[in-house]
Amino acid sequence: MSTRDQIEFIKRTTRNEDVKTKLITILEKLLKQEDSMTRKEILNYAKKIKPVMRGTAEYVALSPEIEKENLFWIPAYPIHHQSFSYVCHHPLKKAEGLKEIARLTTYHTYGGYHGFLRPSTDEAIIQCPKEILDKVCAFEFQTDTLDIRKIYHAGLDRHILTTVYYEGSLPEDIAAQEVSW
């Protein structure tokens, strides 16, 4: 269901006015963010903004139990229809010299079944504040739990995560990775 369709569905089916207002406010903000960038613009930002994950030199994951000290660059994956956090478990190299510049609550669709946590790169780029977008070179998804009942919000039909945005230098080999939709 598109964000527009979801807004209309909530307007028709949600009886509690406070809940309806809260959900529609969030979804209208997401819709405005989605409409503010073209696919070409998102792809161009994806060439300059890459995902990083926590873990070890052998294994990375989006998990509260994973090693918290080390941040790693990961291989390139399609930015829209495939979630790197769902399929990537082997890092390329340690990410060094990154400085956190923002930490935000972000909302993510899941493609198919809400029990699978599948946030995507395009969502991280679209939801990045415009005032820092040109400074960002990396982002990381974080969660305090993998209990899908605590991550998934049925009213929004999205997973809720924290996205951390970083500034710093993008290594040449990481910047050279092919970006695809």
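Anything mentioned here points back to the structure above.
Residues numbered from 1 in each chain as written. Predicted model: local features only at pLDDT ≥ 70, side-chain atom pairs only at ≥ 80, totals over all residues. Heavy atoms only, no water.

Examining the overall build of the protein
- Assigned secondary structure in the protein consists of 8 helices and 7 strands.
- For a compact globule of 181 residues, the expected C-alpha radius of gyration is about 16 Å, and the protein comes in at 16 Å, within 12% of that figure.
- Burial statistics for the protein: of 181 residues in total, 46% are counted as buried.
- In the protein, the share of contacts with a sequence separation of at least 24, taken over all contacts with a separation of at least 6, comes to 70%.
- Counting every atom, the protein has about 10000 Å² of accessible surface; 50% of that belongs to carbon and sulfur.
- Side-chain charges in the protein split into 25 positive and 26 negative, and the spacing between the mean points of these groups amounts to 4 Å. (Helix = DSSP H or I, 4+ residues; strand = E, 2+ residues; numbered from the N terminus. Rg over C-alpha atoms; globule rule 2.2 N^0.38 Å. Buried < 20%, exposed > 50% of the residue type's maximum accessible area, 1.4 Å probe, protein only. Contact = heavy atoms within 4.5 Å. Areas by Shrake-Rupley, 256 points an atom, 1.4 Å probe, with all protein chains shown as cover. Lys, Arg positive; Asp, Glu negative; His and termini not counted. Charge placed at Lys NZ, Arg CZ, Asp CG, Glu CD.)

Description of the packing of aromatic side chains
- Under the counting rule described, the total for this entry stands at 6 aromatic pairs.
- Aromatic pair Tyr-113 and Phe-116: ring centres 5.4 Å apart, planes at 80°, arrangement edge-to-face.
- Of the residues examined, Tyr-113 reaches a relative accessible area of 46% and is grouped as partly exposed.
- Through successive ring pairs, a cluster of aromatic residues spans Phe-84, Phe-139 and Phe-141.
- Taking NZ or CZ as reference, Arg-118 lies 4.2 Å from the ring centre of Tyr-86, over its face. (Phe/Tyr/Trp six-rings, centres within 6.5 Å; stacked < 30°, edge-to-face > 60°. Lys NZ or Arg CZ within 6 Å of the ring centre and 35° of its normal.)

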